[in-house]
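# Structural description and commentary
Listed below are the residues making up each chain.
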Amino acid sequence: MIIQTDNLWKKYGRLDALEGLSIAVPEGSTFALIGANGAGKSTTIKTLMNIIAPSRGGATVLGVDSRRLSPVQMAQIGYVSENQEMPGRVSVGEYIAYLRPFYPTWDKDLEAEILAQLGLPQERKIKDLSHGMRMKMALACALPFRPRLLVLDEPFSGLDPLVRDEFMENVLRQAGEKLTILISSHELMELEGVATHVAFLNKGKLLFQESMEELTDRLREVHVTLERSARPAQMPKAWLDFRLSGNVASFVDTAYCKDWLAADVAAAFGAVRAIDAQAIGLRSIFKTLARATRDGDAA
Amino acid sequence: MMIWHIFKKDLKLQWPFVLGLALADAINATLQGMLGHFPNFNVLQPVFFLNGFITVATFLLVVAVVQLDPVPEDRQDWLVRPIRRWDLLLSKLLFVVVCIHGPLFAANFYQGLASGLSSGQALDAALSWNAYDFVKIGMTGPPRFPGTLAALAIGAATRSVGQALALGMVGGVGGLLVAGGLRRAIYGDFFGGLNQSGGLAQWILALFVVLVGAAVVLSLQYFHRATRSAWIVICVGLFLVWSSLMLMPPALALATQSAFSSAPGRGVSISFVPEARKHQFSATSRYASLAAQGFTPVYLPLNITGISPDLNLVAEGVHATFTAADGARAESDPDVLSLPVHVPGQADAPTPLYQVFGVPDDFYSSHSDQPIRIDVDITFGILRPSGRYELPPVRGAITTPEGVSCETRQFPNRGITLGCIKPGNLPIRVSADLVDHASGLGNPVFTQFMPGDAPYAGGLTNVITQFGFTLPFRSTETGSAYPVTAAQIASSSVVLMTSKPLTHVMRSVTIPNLKLSEWTAEFTGAGH
């Protein structure tokens, strides 16, 4: 594992921002950290980067205790955050030139390529860049040294769709077997098809983490056409977000198994006319789970 | 070398401010170099303004440079870069040394040369002033801003220049209030103790607090990013600085100072002379002002013996504790009262010597006729005479081997003005008198100890020091009744004597039963 946290806690006064978080990020994965506002995504990332200290527990990054990350490890980590503060009075070109000597593996050709692709004006001062340009700038500073780990904290926040596409294109262009990406975002559409693993945080707690493959396999949106409109007296706990429209009942089955669905539906509704189970996207998964956790249902 | 790399980035961003400050240093040095032996107000005024500007601008520039890579908060880009904390800290120190102290040192060196110091003396004075400017506390002279080391620490613990100013102000005023409150509880007054008698020990302790405190804050910030702890250290440090200056018991301060005593002082002893008569008091006595400050002057006759005949002994600081039979206690006025005790050529110190003590008025009025106990501590400076020079009273000029340069000019109808310049870090005692060779008459000797009477404490406060005094001749206009008159100037010369301090020594004496009312001075009419 390139990142591993063990019972990680972070307290701000009386507020528990993280409550015993334990996650494991496999090397080479694109690991999405999702959750509502205040779930603890940024706190997790800042703790991993040794920007803030955990209150309890610990984490390893690149095999090293996160509290002891040295320039050797930092030279292998690219970091992009929506609220990263870079020196405003220097130009794009000057700042990149300043960063270059800190990274032994900095590739000037790759730097030129990325700058050209992102269309960054090198003479412009950082303080004069728009938010989107600043995010591109942060990305341009995080990729040319071919990091082993790329950490993206809410990278799409405030970006228009075009910039988002350019941003992700550049990230993915660098992605390969050797690059691990840890990304926290609300913009789940952007993670669709990109994330290989996902962890869902809610109020500082980890609700689940698994590979996207397993997740999309076990979650299905199910539509059942009933003989007559009626709510079942009892439903399996794994069925979330239940809705009834006419004689069609819809729900998300979070423990989908093709062989057992018909039996479960029969047990809940009796005889039905049709059962239709469809794979659902990350956005729908997030919405369903977020709503369920808000309403107190099990995820 | 990443230290140099970060330094270059900082310089690229701050060079206009560095240039501006260097320019201000250069103008200041040029103006101070122009002051000469007889400074005039037209030059002194811009010098005073520039000194204040440079002090404030230096603080702001140091804070701004540190905050180019701010340590507090969790959004700064440098936190996620492979930058060694040591490299970052050392690059900031390098900036302070090269870009702030470099131009200051060059200006100081030029100022020394322009003022007539030799290159060695100018170098020595510039180095000592820069060292002092690095660790100074800013407790003297407006504006009260700290030196570059404290600015580094405050800058590292804050996010903005405004926050740095606020922290310094709140911590400084808070520390003063707490230390003052404690002083009031212990000594009865809120703001005191900044006396020269214990000045050396107090100031050294305060500078030590700055040195250690700044090192702790920089370490906390750069290696642990513990901003809250750093703020606590800054506030506690400011309290300790004030406490060093205001709360150190005078006896402890004097004892610390005399701990460095060496052989020349070992034979010195002090005793009270109860059979002596009252001190003779003149209207213009320098000690008469004590009465206006809420103190009653009491003059105690003291016998001081055991002084080596080739040395000078000077009382630098005195302190007395008055304890009444009813348990009431009072401390003497902490103002230093310098007293020449012995000069070479005399067989021994004249006896008795009358040392004045300021007794708080309220204590005096309630206990003046009761027997009280007095515990007296006196520190002496022991000096070795280093030269005797003669120069014409008008347009005379001389530079001593120590680097003291003096000139003379006539102050019409009043006397001869002696103006001197010396390297700022040279503690020296200068005495001068006006002697008419034709008649053999001489006017009284006037003496100054530069800097002050606690030599080493103030020795770093400037690159050069201008000082001087007027040697009055007999004049109907001023009422002076000295032997040498204006008509004898042509056949007279100014005699200059210099002495260098060797060491300090403290002596104590306890007077068990004494009535204060018996030792006030007798008024003898108008004096000189």
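Quick notes on the rules
Residues numbered from 1 in each chain as written. Chains lettered and ligands numbered in written order. Predicted model: local features only at pLDDT ≥ 70, side-chain atom pairs only at ≥ 80, totals over all residues. Helix = DSSP H or I, 4+ residues; strand = E, 2+ residues; numbered from the N terminus. Buried ≥ 20, exposed ≤ 12 C-beta atoms within 10 Å, placed from the backbone. Contact = placed C-beta atoms within 7 Å. Nonpolar A, V, L, I, M, F, W, Y, C, P; charged D, E, K, R; others polar. Pairing = 2+ DSSP bridges. Axes fitted to C-alpha atoms, helices over the stretch in contact; angles between N-to-C directions. Domains from an automatic or database assignment. pLDDT = per-residue confidence, 0-100. Bend = angle between axes of the 7 residues up to and from the residue. Left-handed = near helix turned anticlockwise from the far one by under 90°. Parallel < 35°, antiparallel > 145°, perpendicular 65-115°, else oblique. Core = buried A, V, L, I, M, F, W, Y, C linked by C-beta atoms within 7 Å.

### As for the overall build of chain B
Regarding its fold elements, chain B presents 10 helices and 16 strands. In chain B, which comprises 528 residues, the share counted as buried stands at 44%. If you take every contact in chain B between residues at least 6 apart in sequence, the share linking residues at least 24 apart comes to 78%.

### Describing the overall build of chain A
On a plain count of helices and strands, chain A comes out with 10 helices and 15 strands. By principal-axis analysis of the C-alpha atoms, chain A measures approximately 70 × 40 × 35 Å. In chain A, 70% of the contacts between residues at least 6 apart in sequence involve partners at least 24 apart.

### Topic: the interface of chain B and chain A
A common measure of how large an interface is: the accessible area buried when the components associate. Contacts between chain B and chain A engage 15 residues on the former and 20 residues on the latter. Across the side of chain B that touches chain A, the residue classes break down as seven nonpolar, two polar and six charged.

### Considering the sheet that holds strand β11 (residues 205-211) of chain A
Residue and element names in this part refer to chain A. In spatial order, the strands read β7-β8-β9-β4-β10-β11; together these six strands make up an open sheet with mixed pairing. Looking at strand neighbours, the two that pair on one side only are β7 (77-81) and β11, the edges of this open sheet. Sheet twist, expressed as the mean angle between neighbouring strand axes with direction ignored, is 15°. Here β7 pairs with strand β8 (residues 149-153) via five bridges, running parallel. What sits directly across from serine 81, in β8, is aspartate 153.

### Let's talk about the sheet that holds strand β14 (residues 464-472) of chain B
Residue and element names in this part refer to chain B. Ordered in space as β9-β10-β11-β14, the four strands form an open sheet in which the pairing is antiparallel. Strands at the two margins of the open sheet, each flanked by one partner only, are β9 (397-399) and β14. Going across the sheet, the axis of each strand differs from the next one's by a mean of 20°, ignoring polarity. Two strands pair when backbone bridges link them, and strand β11 (residues 415-423) and β14 are joined in this way by nine bridges, in the antiparallel orientation. Paired with leucine 418 across the strands is phenylalanine 469, a residue of β14.

### Observations regarding the domain arrangement of chain B
Domain boundaries assigned for chain B yield domain 1 (2-248), domain 2 (258-382 + 505-523) and domain 3 (385-500). Once you take the C-alpha centre of each, domain 1 of chain B and domain 3 of chain B turn out to be 36 Å apart.

### Considering the pairing of β11 of chain A
Two faces belong to every sheet, and in a regular strand the side chains alternate between them. Residue and element names in this part refer to chain A. Note that strand β10 (residues 197-202) and β11 share six bridges and pair antiparallel. Directly across from alanine 199, in β11, lies its bridge partner glutamine 209. As consecutive antiparallel partners, β10 and β11 are separated by two residues, and within that stretch lysine 203 has a phi angle of approximately 50°, a positive value.

### A short note on the confidence of the model for chain B
The predicted model of chain B averages 83 in pLDDT, with 85% of residues at 70 or higher. Low pLDDT, under 50, characterises residues 455-459 of chain B; the predicted model gives this stretch 13 contacts beyond four residues in sequence or across chains.

### Thoughts on helix α1 (residues 2-34) of chain B
Residues and elements named next belong to chain B. Where α1 bends most, at glutamine 14, the angle is about 70°, and the proline proline 16 comes one to four residues later. Of all the residues in α1, the buried ones are Ile6, Phe7, Asp10, Val18, Leu21, Asp25, Asn28, Ala29 and Gln32. Structurally, α1 contributes buried residues whose contacts are with α2 (41-66) and α3 (85-114). A positive backbone phi angle near 65° is found at glycine 36, which sits one or two residues after α1.

### Details of unusual backbone geometry
Phi at lysine 203 of chain A takes a positive value of approximately 50°, unusual for a residue other than glycine. Looking at the secondary structure, you find lysine 203 of chain A in the loop between β10 and β11. Despite not being glycine, arginine 225 of chain B has its phi angle at roughly 50°, a positive value. As for its placement among the helices and strands, arginine 225 of chain B is situated in the loop between α7 (199-224) and α8 (227-246). Given 20 C-beta atoms within 10 Å, arginine 225 of chain B falls into the buried group.

### Things to note about the environment of arginine 409 of chain B
Counting through the fold element by element, arginine 409 of chain B comes out in strand β10 (residues 405-411). Beyond its immediate stretch of four places on either side in the chain, arginine 409 of chain B contacts Phe38, Val394, Arg395 and Thr417 of chain B.

### Quick notes on helix α5 (residues 148-156) of chain B
With nine of nine residues buried, α5 of chain B lies mostly within the body of the structure. Inspection of α5 of chain B places Thr148, Leu149, Ala150, Ala151, Leu152, Ala153, Ile154, Gly155 and Ala156 of chain B among the buried residues, and these make up the whole buried set.

### A word on the packing of α2 of chain B against α3 of chain B
Residues and elements named next belong to chain B. Running from N to C, α2 and α3 cross one another at 145°; their axes reach a closest spacing of 10 Å. Seen along the crossing, α2 lies across α3 with a hand that is right-handed. Seen from α2, the contacting residues are Thr58, Leu61, Val62, Val65 and Val66; seen from α3, they are Lys92, Phe95, Val96 and Ile100. Its residues assigned to classes, the contact of α2 with α3 shows seven nonpolar, one polar and one charged.

### Considering the pairing of strand β4 (residues 30-35) of chain A
Residues and elements named next belong to chain A. The buried fraction of β4 is high, at six of six residues. Neither face of β4 is left uncovered, since the one carrying Thr30, Ala32 and Ile34 and the one carrying Phe31, Leu33 and Gly35 both have all their residues buried. Looking at chain direction, β4 and strand β9 (residues 180-184) are connected through four bridges and run parallel. Directly across from leucine 33, in β9, lies its bridge partner serine 184.

### Focus: the packing of helix α6 (residues 161-187) of chain B against α8 of chain B
All names here are of chain B. Contact pair α6 / α8: the axes reach a minimum separation of 8 Å and the direction vectors enclose 45°. By the angle between their axes, α6 is oblique relative to α8. Viewed along their axes, α6 and α8 form a crossing whose handedness is right-handed. Within the contact between the two elements, α6 uses Leu167, Gly171, Gly172, Gly174, Gly175, Leu176, Val178, Ala179, Gly180 and Arg183 and α8 uses Trp231, Ile234, Cys235, Leu238, Phe239, Val241, Trp242, Ser243 and Met246.

### Some points on the nonpolar core
All names here are of chain B. Residues Val62, Leu152, Ala153 and Val217 are the most contacted members of the largest nonpolar core, which totals 136 residues. Apart from the residues lying within four places of it in its own chain, the contact partners of alanine 153 are Gly213, Ala214, Val217, Leu218 and Ile234. Val314, Phe322, Phe380 and Ile382 belong to the second-largest nonpolar core, a separate cluster that totals 33 residues.

### Observations concerning the environment of alanine 330 of chain B
Residues and elements named next belong to chain B. With respect to the helices and strands, alanine 330 occurs in strand β5 (residues 329-331). Residue alanine 330 is classed as buried on the basis of its C-beta count, with 22 C-beta atoms lying within 10 Å. As for alanine 330 and cysteine 99, which are separated by 231 residues in sequence, their C-alpha atoms are 50 Å apart. Leave out the neighbours within four places in its chain, and alanine 330 touches Phe322, Val359, Pro360 and Phe363.

### Quick word on the environment of leucine 61 of chain B
Residues and elements named next belong to chain B. Within the secondary structure, leucine 61 sits in helix α2. Spatially, the C-alpha atom of leucine 61 lies 21 Å from that of proline 46, the residues being 15 residues apart in sequence. Setting aside residues no more than four positions away along its own chain, leucine 61 makes contact with Gln14, Phe17, Leu21 and Ile100.

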